[in-house]
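Chain by chain, the residues:
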Amino acid sequence: MPKKRVASAEHAEPSVKLSTRGVARLQARHPWVYRSDVVEAKDVLPGATVRVLDSRGKFLGTALYSSSSQIAIRMISHGSVPDLPALVGERIRAAIAYRKELVRNTDAYRIVFSEADFLPGLIVDRYNDVLTLQILTQALDAAPVREAILQTLREELQPAGIVERVDARIRELEQLPLLSSRLLWGEKSSTVINMNAIRFHYDSLEGQKTGAFLDQRENYAAAAEYAHGEALDAFCYQGGFALHLAAKCASVTGVDSSRPALEMAAKNALLNGRDLEWIEANAFDLLREYAAAGRRYDTLVLDPPAFAKSKRDLEKALGGYKELNLRALKMLRPEGILITCSCSFHVGASDFLGMVADAAQDAHKSLRIIESRGAARDHLILLNVPETSYIKCLILSVSN
Ligand code: SAH
């Protein structure tokens, strides 16, 4: 009987062909290729692992395919990937090893940051003994991959609970069945975390974003180095900056428009034996009112939500940032400290700096940059992937 020909695993994988522009993006080491640059994707199933070819059929590497997102291709390797769950496990272990080496003074940090850890579509955060994960692509949603993610996290970190945080909008975009945020493993979904020797309550099934702003962790500690006198934290959320400043300042006031955030901030203050003032208000109005009333501060923090959700919002967003920064500058006493942040990806570092310089000019103040910072080091930035860099944090000394 003639021997049956069995396709090797490698060649059983479907393939996609890219346009010259798509190939150029990969050569620049950006892992995303848009659908408009995929010239051929025959019989490729949603979430498939695909061989990526140029228009002449030359092999460029392996990608995760999405049948619905505009980002059709996310590269996962420049070689072949015979076993995706095994590769995902290996990459998670590498990401954990990196954090063990470099993350200090905390039990709360990002363990896996998607593209920046070569795991496009996976975000894992550690909050002491509770881990949260977000799965943002079809390929990583497959059962064997999910199992590999959970098993690796359990083996490496022995958590008391693993919670999946679901972004309904993204599941819809990826045409994945809707799920709700829930405990995937273990029993614990809330805990107490420690950042720079300050403790915070954390509940993975409540709160904005992933419930705490881990990306600002190192900026809290940096801000506290220069903070003094009377301090105001204008968008304080659960008190991240405010509680760090409390160790150095005579008084600290935290302002936020969200009552649940302030209730948690007050609990956090109690946990650390601190007495702070919390005010529920629109920060724009409050700063205007306080400035008009002649209130003065020595340290001021501005960490508003992202004002620019898309490139089109840039001008308006810069207007909003400038208004806040101008008011803050006017309220600072001589040799005051301004800690000013933006988490809008669409506001670039130079746009942000230009905006602060304009505000300084209008306020007739001289500003010196003490530190120009970004996200904490566990939120790695992949060069050539601007999407992985979004936080700007300037620490400024303000003189008349
Ligand atoms: N600095 C915080 C994070 C701030 S996130 C930390 O490090 O944890 C932005 C915060 O701004 C959110 O808590 C949100 O409730 C609040 N916010 C949004 N619009 C506001 C407004 N107009 N006035 C006051 N707070 C506002």
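Everything below is about the structure printed above this text.
Residues numbered from 1 in each chain as written. Predicted model: local features only at pLDDT ≥ 70, side-chain atom pairs only at ≥ 80, totals over all residues. Heavy atoms only, no water.

Asks: Looking at this structure, I do not really get the overall build of the protein chain. What am I missing?
Replies: For the protein chain, the count of helices and strands is twelve helices and 20 strands. Here the C-alpha atoms of the protein chain give a radius of gyration of 24 Å, agreeing with the 21 Å that 2.2 N^0.38 yields for 400 residues. Seen along its three principal axes, the alpha-carbon backbone of the protein chain occupies a region of about 95 × 45 × 35 Å. Put simply, of all contacts in the protein chain between residues at least 6 apart along the chain, 63% involve residues at least 24 apart. With the model as given, the accessible surface of the protein chain reaches about 18,500 Å², and the carbon-plus-sulfur share is 51%. For the protein chain, the distance from the average site of its 50 positive side-chain charges to the average site of its 49 negative ones is 4 Å. (Helix = DSSP H or I, 4+ residues; strand = E, 2+ residues; numbered from the N terminus. Rg over C-alpha atoms; globule rule 2.2 N^0.38 Å. Contact = heavy atoms within 4.5 Å. Areas by Shrake-Rupley, 256 points an atom, 1.4 Å probe, with all protein chains shown as cover. Lys, Arg positive; Asp, Glu negative; His and termini not counted. Charge placed at Lys NZ, Arg CZ, Asp CG, Glu CD.)

Asks: Any chance you could explain the pattern of salt bridges here in plain terms?
Replies: Side chains that carry opposite charge are capable of pairing whenever their charged atoms lie near each other. All chains considered together, the criterion is met by 21 salt bridges. Between Asp125 and Arg110 there is a salt bridge, with its nearest N and O atoms 2.7 Å apart. Of the two residues, Asp125 sits in strand β8 (residues 122-127) while Arg110 sits in strand β7 (residues 108-113), which places them 15 residues apart along the sequence. Between Lys322 and Asp362 there is a salt bridge, with its nearest N and O atoms 2.8 Å apart. (Salt bridge = Lys/Arg side-chain N within 4 Å of Asp/Glu carboxyl O.)

Asks: Before we go on, may I ask you to explain the site of the ligand in this structure?
Replies: Taken together, the neighbourhood of the ligand is formed by 15 residues, with Tyr220, Asp256, Ser257, Ala283 and Asp303 sitting nearest. One of the side-chain N or O atoms of Asn282 is found 3.3 Å from a nitrogen atom in the ligand. Take Asp303: an N or O atom from its side chain is 2.7 Å from a nitrogen atom of the ligand. Taken by itself the ligand offers 580 Å² of open surface, and the protein chains cover 88% of this. Of the residues contributing to the shell around the ligand, the split by class is nine nonpolar, four polar and two charged. (Near = heavy atom within 4 Å. Polar contact = N/O pair within 3.5 Å; in protein donor to acceptor, adjacent residues only side chain to side chain. Nonpolar A, V, L, I, M, F, W, Y, C, P; charged D, E, K, R; others polar.)

Asks: Where do I start with the sheet that holds strand β4 (residues 49-53) in this structure?
Replies: In a beta sheet, neighbouring strands are held together by backbone hydrogen bonds and run either parallel or antiparallel to one another. What the six strands build is an open sheet, ordered β2-β6-β5-β4-β1-β3; its pairing is mixed. Each having just a single partner strand, β2 (32-34) and β3 (38-40) make up the two edges of the open sheet. The mean inter-strand angle of the sheet, taken between neighbouring strand axes irrespective of direction, is 45°. Two strands pair when backbone bridges link them, and strand β5 (residues 59-65) and strand β6 (residues 71-77) are joined in this way by four bridges, in the antiparallel orientation. Bridge pairing links Leu64 to Arg74 in β6. Taken strand by strand, helix α2 (residues 20-27) contacts β1 (15-18), β2, β4, β5 and β6, and its axis lies near 165° from that of β2. Strands β4, β5 and β6 of the sheet are contacted by helix α3 (residues 84-102), whose axis makes an angle of about 70° with β6. (Pairing = 2+ DSSP bridges. Axes fitted to C-alpha atoms, helices over the stretch in contact; angles between N-to-C directions.)

Asks: Which parts of the structure should I look at to understand the packing of α3 against helix α5 (residues 143-157)?
Replies: The description of two packed helices rests on the angle between their axes and on the distance between the axes. It is the contact of α3 with α5, at a shortest axis distance of 9 Å, that shows an interaxial angle of 30°. The two elements α3 and α5 cross, and the hand of that crossing is right-handed. Each of Leu84, Pro85, Val88, Gly89, Ile92, Arg93, Ile96 and Lys100 in α3 lies in contact with α5, whose residues at this interface are Pro144, Val145, Ala148, Ile149, Thr152, Leu153, Glu155, Glu156 and Leu157. The class makeup of the residues in the contact of α3 with α5 is eleven nonpolar, two polar and four charged. (Left-handed = near helix turned anticlockwise from the far one by under 90°.)

Asks: How do you make sense of the side chain of Thr191 when you look at a structure like this?
Replies: Position of Thr191 among the secondary structure elements: in strand β12 (residues 190-195). For Thr191, a relative accessible area of 11% puts it in the buried group. A distance of 2.8 Å separates polar atoms of two side chains, one belonging to Thr191 and the other to Asp129. (Buried < 20%, exposed > 50% of the residue type's maximum accessible area, 1.4 Å probe, protein only.)

Asks: Whenever I open this one, the environment of Thr253 confuses me. Can you help?
Replies: Inspection of the secondary structure puts Thr253 in strand β15 (residues 251-256). Residue Thr253 is classed as buried on the basis of its relative accessible area, which comes to 5%. Once the C-alpha coordinates of Thr253 and Leu300 are considered, the two residues, 47 residues apart in sequence, prove to be 9.7 Å apart. Beyond its immediate stretch of four places on either side in the chain, Thr253 contacts Ala231, Leu232, Asp233, Glu277 and Ile279.

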